[in-house]
Amino acid sequence: MRNLSNYSLPDAPLAQARLEVHALTQQLIRCHEMERAHIARELHDDVQQILYGLSLNMVPSTKLPPQSPSIEEVARWRQLVEEAMAHLRALTLKLRPAALESEGLVAELRVHIDKLRMGAAATIQLNVGTHIKRLRPATELVCYRIIQEALANSLKHSKAPLVTISLVCTDNLMTITIADDGSGFDVAKIHARAHRSGHIGLMSMQERATMIGGDVEIRSAPGRGAMIIASIPVH
């Protein structure tokens, strides 16, 4: 047996590994900040404006004697409150999909895919293995976000007529494959562009998988479609 007590990575691979860890850490921070900014915009642009309009409607006039609000005024107030509640409900669902917690990953995927089918030109196909089971909530959320991001990228950029999502689960591993027969891309160039620009897209999938000990592999070439394979430990 080799003595590994004094073994260390060569300087170049070690430096590269440190750079990649640093890049992923910075990207994760940017992702969190972008999510917070998105939530703040949603709350300000929709809910806060609706509630502000409601408060203006409820201010009594100082030029008239006090009187009970009319039926029409109360109806308008209720409408504004219901709009604010609807926006909050929609924002909550974006942050934590409802069916994911109560019914699991497959059920939430079917809900999400049904919504996309109404506006997507591509055919979206979901293949679920026979041994798929409920996973830890954090693991299911990572799987869902990876599929959501990969599917959005494919529908937006690939011009593929068919996108296929496959789930296969063993005792120790969930393997997720998102494949399309679209235009494809140069993987190295996309990674380099993402590092330069700070775009979350493909990098966010790797970050999410890494957080729970998983990995994401991207296979593509111009004109040859794309395949994203996520390997997620289930324990």
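To be clear, the structure that these remarks concern was listed above.
Residues numbered from 1 in each chain as written. Predicted model: local features only at pLDDT ≥ 70, side-chain atom pairs only at ≥ 80, totals over all residues. Heavy atoms only, no water.

Moving on to the overall build of the protein chain. Looking only at helices and strands, the protein chain features 7 helices and 5 strands. Scanning the protein chain from its N terminus toward the C terminus, one meets helices and strands in the order α-α-α-α-β-α-β-β-α-α-β-β. The 235 residues of the protein chain split such that 32% are buried. Contacts in the protein chain between residues at least 24 apart in sequence constitute 68% of all its contacts with a sequence separation of at least 6. (Helix = DSSP H or I, 4+ residues; strand = E, 2+ residues; numbered from the N terminus. Buried < 20%, exposed > 50% of the residue type's maximum accessible area, 1.4 Å probe, protein only. Contact = heavy atoms within 4.5 Å.)

Looking now at the nonpolar core. Core analysis: the largest hydrophobic core is formed by 33 residues, its most contacted members being Ile-165, Leu-167 and Met-174. Of all the secondary structure elements, the ones that give two or more residues to this core are α4 (105–117), β1 (123–128), α5 (137–158), β2 (162–169), β3 (173–180), α7 (201–211), β4 (215–220) and β5 (226–233). For this core, the element with the highest residue contribution is α5, accounting for 7 residues. Residues in contact with Met-174, not counting those within four places in the same chain, are Leu-105, Ile-132, Leu-135, Cys-143, Leu-167, Val-168, Cys-169, Ala-230, Ser-231, Ile-232 and Val-234. (Core = buried A, V, L, I, M, F, W, Y, C linked by side-chain atoms within 4.5 Å.)

Of all 8 residues that make up β2, 6 are buried, and the element is covered over most of its length. Where β1 lies against β2, 6 bridges are found, and the strand directions are parallel. Directly across from Asn-127, in β2, lies its bridge partner Ser-166. Considered for its hand, the β-α-β crossover made up of β1, α5 and β2 is left-handed. Where β2 lies against β3, 7 bridges are found, and the strand directions are antiparallel. Counterpart to Leu-167 in the pairing with β3 is Ile-176. Joining the antiparallel neighbours β2 and β3 is a turn of 3 residues. (Pairing = 2+ DSSP bridges. Right-handed = clockwise from strand over helix to strand, strands pointing away.)

Here we come to the sheet that holds β3. An order of β1-β2-β3-β5-β4 is seen for the 5 strands of this open sheet, with the pairing classed as mixed. The open sheet has two edge strands, β1 and β4, and neither has a second partner. Sheet twist, expressed as the mean angle between neighbouring strand axes with direction ignored, is 10°. In the sheet, β3 pairs with β5 via 8 bridges, with the strands oriented antiparallel. Paired with Thr-175 across the strands is Ser-231, a residue of β5. (Axes fitted to C-alpha atoms, helices over the stretch in contact; angles between N-to-C directions.)

Bringing the packing of α4 against α5 into the picture now. Where α4 contacts α5, the axes come no closer than 10 Å and their chain directions differ by 20°. As far as their axial angle goes, α5 and α4 are roughly parallel. In this structure, the crossing between α4 and α5 has a hand that is right-handed. Note on element contacts: α5 touches α4 through Glu-140, Cys-143, Tyr-144, Ile-147, Gln-148, Leu-151 and Leu-155, opposite Leu-105, Glu-108, Leu-109, His-112, Ile-113 and Leu-116. Looking at side-chain class alone, the contact of α4 with α5 contains 9 nonpolar, 2 polar and 2 charged residues. (Parallel < 35°, antiparallel > 145°, perpendicular 65-115°, else oblique. Left-handed = near helix turned anticlockwise from the far one by under 90°. Nonpolar A, V, L, I, M, F, W, Y, C, P; charged D, E, K, R; others polar.)

Side chains that differ in sign of charge can pair as their charged atoms come close. Under the definition given, this model contains 3 salt bridges. Of the charged contacts in the structure, one is a salt bridge between Asp-114 and Arg-117, with a shortest N-O distance of 3.1 Å. On the criterion of helical spacing, the pair formed by Asp-114 and Arg-117 is a turn pair, its members being 3 residues apart in helix α4. A salt bridge links Arg-219 to Glu-217; the shortest N-O distance between them is 2.8 Å. (Salt bridge = Lys/Arg side-chain N within 4 Å of Asp/Glu carboxyl O.)

This part covers the environment of Glu-207. Mapping Glu-207 onto the fold places it in helix α7. What makes Glu-207 buried here is its relative accessible area of 5%. Considering only alpha carbons, one finds Glu-207 and Val-142, 65 residues apart in sequence, at a separation of 9.7 Å.

What follows is about unusual backbone geometry. For Lys-159, which is not a glycine, the phi torsion comes out positive at approximately 55°. As for its position among the elements, Lys-159 is in the loop between α5 and β2.

What follows covers α5. Taking 1.5 Å of rise per residue, 22 residues should cover 32 Å, and α5 covers 31 Å from first to last C-alpha, within 8% of that figure. One or two positions beyond α5, positive phi appears at Lys-159, with a value near 55°. (Expected span 1.5 Å × (residues − 1).)

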